[in-house]
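# Coordinates in review
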Amino acid sequence: MRNVININQGWKFIREDAGLPDALPTGWQDVNLPHSWNAVDGMDGNGSFYRGTCWYARSFATPRQPLPGGRVYVEVNAAGQQADVYVNGQKAAHHEGGYSRFRADVTDLCREDGDNLLVIACSNELLDRVYPQSADFTFYGGLYRGVNLISVPAAHFDLDHLGGPALKVTPKPTECGGALFEIETWVTNGDENFTVLYSIKDADGKEVAGGCRPCDDTAIKLFVPRAKLWSPDEPNLYTVTATLQRRNEAYDEVCCRSGVRSFSCEPDKGFLLNGVATPLRGVSRHQDMLYKGNALTREDHYNDARIIKELGANTIRLAHYQHSEDFYDACDELGFVIWAEIPFISVMNPDPEAHQNCISQMKELITQAYNHPCICFWGISNEILIGGISQKLVDNHHELNALVKELDPTRLTTIAHVSSTPVKGPMHRITDVESYNHYFGWYGGKIEDNAPWVDKFHADNPDICLGLSEYGCEGIITYHGPNPQCKDYSEEYQAVYHEGLAQMIDERPWLWATHVWNMFDFGCAARNEGGVAGRNNKGLVTMDRKTRKDSFYVYQAYWAKDPMVHIAGRRYAQRAGETTQVKVYSNQNTVTLYLNGKVVGVQTAHRVFKFEVALAEGQNILVAIAGSVTDSITLEKVDKEPAIYVLPEFNERQEGVANWFKTMGSMDLEAPMEFPEGYYSIKDTMEQLAENEEAFAIVRKAVKLATNFDVAPGVGMWDMMKKMSPESMGGMISGMPDGFIESLNAQLIKIKK
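All values derive from a computational prediction rather than experimental measurement. (Residues numbered from 1 in each chain as written. Predicted model: local features only at pLDDT ≥ 70, side-chain atom pairs only at ≥ 80, totals over all residues. Heavy atoms only, no water.)

Within the protein, the regular secondary structure consists of 13 helices and 40 strands. Burial status across the protein gives 59% buried among its 753 residues. Residue pairs in contact within the protein that sit at least 24 positions apart in sequence constitute 70% of those at least 6 positions apart. Accessible surface, the protein: about 29,700 Å² in total, of which carbon and sulfur atoms supply 48%. (Helix = DSSP H or I, 4+ residues; strand = E, 2+ residues; numbered from the N terminus. Buried < 20%, exposed > 50% of the residue type's maximum accessible area, 1.4 Å probe, protein only. Contact = heavy atoms within 4.5 Å. Areas by Shrake-Rupley, 256 points an atom, 1.4 Å probe, with all protein chains shown as cover.)

With 16 residues, helix H6 (residues 491–506) ought to run about 22 Å at 1.5 Å a step, and its terminal C-alpha atoms sit 22 Å apart, in line with that. When you tally the buried positions in H6, you get twelve out of 16 residues, the bulk of the element. Those residues of H6 that fall on the buried side of the exposure criterion are Glu491, Glu492, Tyr493, Gln494, Ala495, Tyr497, His498, Glu499, Leu501, Ala502, Met504 and Ile505. (Expected span 1.5 Å × (residues − 1).)

What follows concerns the side chain of histidine 156. In this fold, histidine 156 is placed in strand E11 (residues 156–157). When its relative accessible area of 1% is taken as the criterion, histidine 156 is described as buried. A distance of 2.8 Å separates a polar atom in the side chain of histidine 156 from the backbone oxygen of proline 153. Among all residues touching histidine 156, those that are not within four sequence positions of it are Arg71, Tyr73, Trp186, Val187, Thr188, Leu244 and Asp252. (Polar contact = N/O pair within 3.5 Å; in protein donor to acceptor, adjacent residues only side chain to side chain.)

Examined against the element boundaries, leucine 705 turns out to sit in helix H10 (residues 693–707). C-alpha of leucine 705 to C-alpha of tryptophan 660: the two residues are 45 residues apart in sequence and 8.7 Å apart in space.

The next point concerns the packing of aromatic side chains. Using the criterion set out here, one finds 25 aromatic pairs in the structure. An angle of 15° between the planes, with centres 6.1 Å apart, marks the rings of phenylalanine 13 and tryptophan 37 as stacked. Placement of phenylalanine 13 in strand E2 (residues 11–14) and of tryptophan 37 in the loop between strand E3 (29–31) and strand E4 (53–61) is noted, with a sequence separation of 24 residues between them. Accessibility expressed as a relative area gives 3% for phenylalanine 13, which makes it buried. When the centroid spacing of 4.4 Å and the interplanar angle of 10° are considered together, the rings of tyrosine 99 and tyrosine 321 count as stacked. Taken together, the residues tyrosine 99 in the loop between strand E7 (90–96) and strand E8 (102–105) and tyrosine 321 in the loop between strand E24 (315–318) and helix H2 (325–334) connect sequence positions 222 residues apart. (Phe/Tyr/Trp six-rings, centres within 6.5 Å; stacked < 30°, edge-to-face > 60°.)

This paragraph deals with the sheet that holds strand E18 (residues 238–246). Within the open sheet, the four strands sit side by side as E16-E15-E18-E19. Their pairing is antiparallel. Every other strand in the sheet has two partners, leaving strand E16 (207–214) and strand E19 (249–258) as the edge strands with one partner each. Adjacent strand axes in the sheet meet at a mean angle of 15° when their direction is disregarded. Pairing analysis gives nine bridges linking E18 to E19, with the strands arranged antiparallel. Note that in E19 the partner of threonine 241 across the bridge is cysteine 255. (Pairing = 2+ DSSP bridges. Axes fitted to C-alpha atoms, helices over the stretch in contact; angles between N-to-C directions.)

Opposite charge on two side chains lets them pair, provided their charged atoms get close. Scanning the entire structure with this criterion turns up 46 salt bridges. In this structure, the salt-bridge partner of glutamate 182 is lysine 172, at a minimum N-O distance of 3.3 Å. Placement of the pair is glutamate 182 in strand E13 (residues 179–185) and lysine 172 in strand E12 (residues 167–173), with a sequence separation of ten residues. Look at glutamate 182 and you get partly exposed, because its relative accessible area is 25%. Of the residues examined, lysine 172 reaches a relative accessible area of 37% and is grouped as partly exposed. The network of salt bridges with common partners includes Asp136, Glu474, Arg527, Glu529 and Lys538. (Salt bridge = Lys/Arg side-chain N within 4 Å of Asp/Glu carboxyl O.)

What follows is about the nonpolar core. Counting 150 residues, the largest nonpolar core has Phe377 and Met519 as its most contacted members. In terms of residue count, H10 provides more of this core than any other element does, eight residues in total. With residues near it in sequence (within four places) discarded, methionine 519 still touches Val283, Ser284, Ile307, Ile308, Leu311, Gly539, Leu540, Val541 and Phe552. Grouped together as the second largest cluster of nonpolar side chains are 27 residues, Tyr56, Val76, Ala104 and Cys110 included. (Core = buried A, V, L, I, M, F, W, Y, C linked by side-chain atoms within 4.5 Å.)

Of all six residues that make up strand E23 (residues 280–285), six are buried, and the element is covered over most of its length. Note that E23 and strand E30 (residues 513–516) share four bridges and pair parallel. Along E30, the bridge assignment pairs valine 283 with valine 516. Two elements, E23 and E24, share four bridges in a ladder whose sense is parallel. Of the residues in E24, the one forming a bridge with valine 283 is isoleucine 316. Where the polypeptide runs from E23 across helix H1 (residues 298–311) and back to E24, its parallel neighbour, the crossover connection is right-handed. (Right-handed = clockwise from strand over helix to strand, strands pointing away.)

End to end, helix H3 (residues 352–369) covers 26 Å across 18 residues, agreeing with the expected 26 Å (1.5 Å per residue, within 8%). Of all the positions in H3, only Ala354, His355, Asn357, Cys358, Ile359, Gln361, Met362, Glu364, Leu365, Ile366, Gln368 and Ala369 are classed as buried. Close packing links the buried residues of H3 with E7, H2, strand E25 (337–341), strand E26 (375–382) and helix H4 (391–407). Where H3 starts, the residue carrying a side-chain oxygen 2.9 Å from the main-chain nitrogen of glutamate 353 turns out to be aspartate 351.

A few words on the environment of valine 554. Position of valine 554 relative to the elements: it lies in helix H7 (residues 550–559). Judged by its relative accessible area of 1%, valine 554 is buried. Considered as a pair, valine 554 and histidine 566 are twelve residues apart in the sequence and their alpha carbons are 8.8 Å apart. For valine 554, the residues in contact, after removing those within four places along its chain, are Ala495, His498, Glu499, Ala502 and Tyr585.

The strands that make up a sheet are held in pairs by hydrogen bonds between backbone atoms, and each pair lies either parallel or antiparallel. Strand order in the open sheet made by the three strands is E12-E13-E17, with antiparallel pairing throughout. Strands with a single pairing partner mark the edges of an open sheet, and in this sheet they are E12 and strand E17 (220–224). The sheet shows a mean angle of 20° between the axes of neighbouring strands, direction not considered. Where E12 meets E13, seven bridges bridge the pair, whose relative direction is antiparallel. The partner of proline 171 across the bridge, within E13, is phenylalanine 181.

Shown next as C-alpha cells:
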C-alpha cells in the first residue's frame, strides 16, 4: 500500500548558492519545514529582500514495499520560485513556478542499503519566463509547504501527472434530489488482475454509494440518493475513496472530499448557489504571516479561515497564486466560495516561454485543486494592463480561458481588471464574469465615486456580470483623529472608507462578488508608506493576526448572522475637545450607549450608530448594549491628544501639493497639451524618463505627491511601474488636483531627449 512519509524535520540549510554537496553538510543551519529564508526580510522594512539560490539537504532511508517493483517519489508541496531536486548527486527534477506541488520518481537514484542524500536548490531570483514577474507583494523563497516521500507498489494510482491526485470527482445534483458523482482515476502499471473499487461516504462515515471498474477503464457514475447540498451555511461534504484492488489485496488508495452544488451568475441577479441568489461578500487573502513569511502550518491556514468566518464572509479571493491544500481544505469545511487564480499579474512578458509558464501553472492549479467544492471560479489574470496592452496579450487571455474551459467545463472563469481598464475594449467578455480593482477614496477620487461608477458600467454593459475584486485603504492602528481624511493612514479613515463601501455593496446585490483588499496586512518589501515599511497595511486584521481593526467590525455588522456589537475607536483612547463622536457597529436595530453608567442615547439605525459624547475629566467607561450583546471601552479626556496619533508626512504631503503648484504652475485645462518631438512628456515611460536626471527628478516628485510611492530604478515597485507612463498612471489615479498632470507635462516638454 501507499505510504506517505513526512520528512519536514531535520534539514540542513544555507542561504547562499553553495553548490551541490556530495555529503550531508555539517556546517549548514538546522531548519525544519515549512521554511522561508525571507520570513523576516520579506517584511521588515529594509526596502528589499534576499533573492537568490539557497540549498536544503537531508538524508533518508529508502522506503520499502513488501513486493518487488515498488517506486519512491519525492513530493515537494511548493518551492519558491524555482527548484531543482537531487538524490545522491543526480538531478531528479526541475520545476518552475513557486506555488504548486510537484513530484520526482527517485527510485532508480536510491541506494539499496544505507542513507540517501536529498538536496533541493530553491531560487526566488527573477527568471523572465516565470510568473510572477513583478507585483505588490514579497516573492518569498524556500520550501515553505513541506516535503514528503511517497512509497507505492509497482501498480499504483498515477503520481506523474502535474502533481495531481489521480482522482477526479465531479458531483452534479439531480432533479430528484440526489446527486450523480462522475469519477475517474488513472492507474500506472495495472493489468487485467486489477480493478478500482469506489466508495462514497457521508459526513457520518456511512457508505451511500459504491462501484467497481477495470483499471484500464476507470470512469464511473455513482448515484447518491437524497444528497445533502454544499453551501456556506451548510458545507456538507462526502468522502470519495478509490482503491486499487488485486483480488483480495488493496495495492493503493486515494481519496478526497467533495461537495454537491450548482452555481451560476446572471448580470441582474449576481451569484446563484443551488438556485438561490447568494451575493458573494468577502475578502482577498495572501498566504503570509508576520515573521513566518509564507511558511505557514496547517493550523495557521485553518486559523486564517476561522477568522474570516468570524467576519461573516462567504467568499475569498485567493490572491495571486495557488494556495495551500490545507487552506482549500479549510474552505471546503467552513463553507467559502473560492476564486482561485494564477500569478499572471501586472505586466505580461511577451516571451512565448512566459506564456507557456502561465499555461503550466494553470494546468497544475486546476489538476491539483479540481476536487475542492469550495472553488467555483478560476482567475486568469490580475491587473495585467499595468504593463500596457497588445494584441498578443488579448490573444493570450483568450487562449488561457479556452484552456480552463477544456480542463474544467464545470466552473466559471473570471478576471481582475486594473481600475484604468477601458470600459469598452478587447479585455471584456473573454471570461464568464469580470471584476474590477477600484480604490476610489484611496488612490484617487472619493468614496462616493464607487457607486456611480459601478452603476454606469452595469447600465452600459447589461450582459456582463460585474464584481469588485479589490477595494480598500491603509489602516494603521497608531493613527487617530476626530477628522479622518484620505491618506492620513488612520484607523478611523479606514473605517469611514469601509462604512461607505459596505453600504454601497449592500444596496447592489447584483454585484456577483466583492472582495475587500485585504483580509490581513501582508508583506511587500518594496513598500514604504504610512510609517510602516515593508508591508501593505490594507488588512482588516494586522499581519500577526492579533488585532482586528475597526473596519473588521464594519463588515461583521453587515455580514455576520450571530448578534454582535462593537464600539469603535478604542485605540483612539485619549481625546481632546468638549465632545467626541463615538461610533458603534452592530447588526441589531437598536443600540443604547452608556457613559459612566448613565444613558447617553438610544439609536435605531442600519449597522453604523453615531453618538456625540461629552467625556468627563479623566477616564470614562462606555458601554453599548444591542439586544443580547454588549461591548465596553475606556476613553480618557485630555487637553491635547498625543502627537503619535498623526502621521507627520500627512501634513507635509498636503503642503507638498500646494508647493508643487507654486513651483510648477497650473495650466488652463482647456488648452491642449503639447508633445513636441524630441522632448520628454507624460507619454514617456518611467524607464525612458529615468535616462534623464532632470526629467526623472520632476517625475519622481510628482509620483510621490500623487501616490505616496517612491520610485527609482531598482527601488520599491520599480519593476511593476517602469513600463508605465505618467499619463497612464494619471488615468489610474482619479481625483488628482486640477492641472497637476498638465503642469507636469509642461515641465517635461522643456527637456530635450
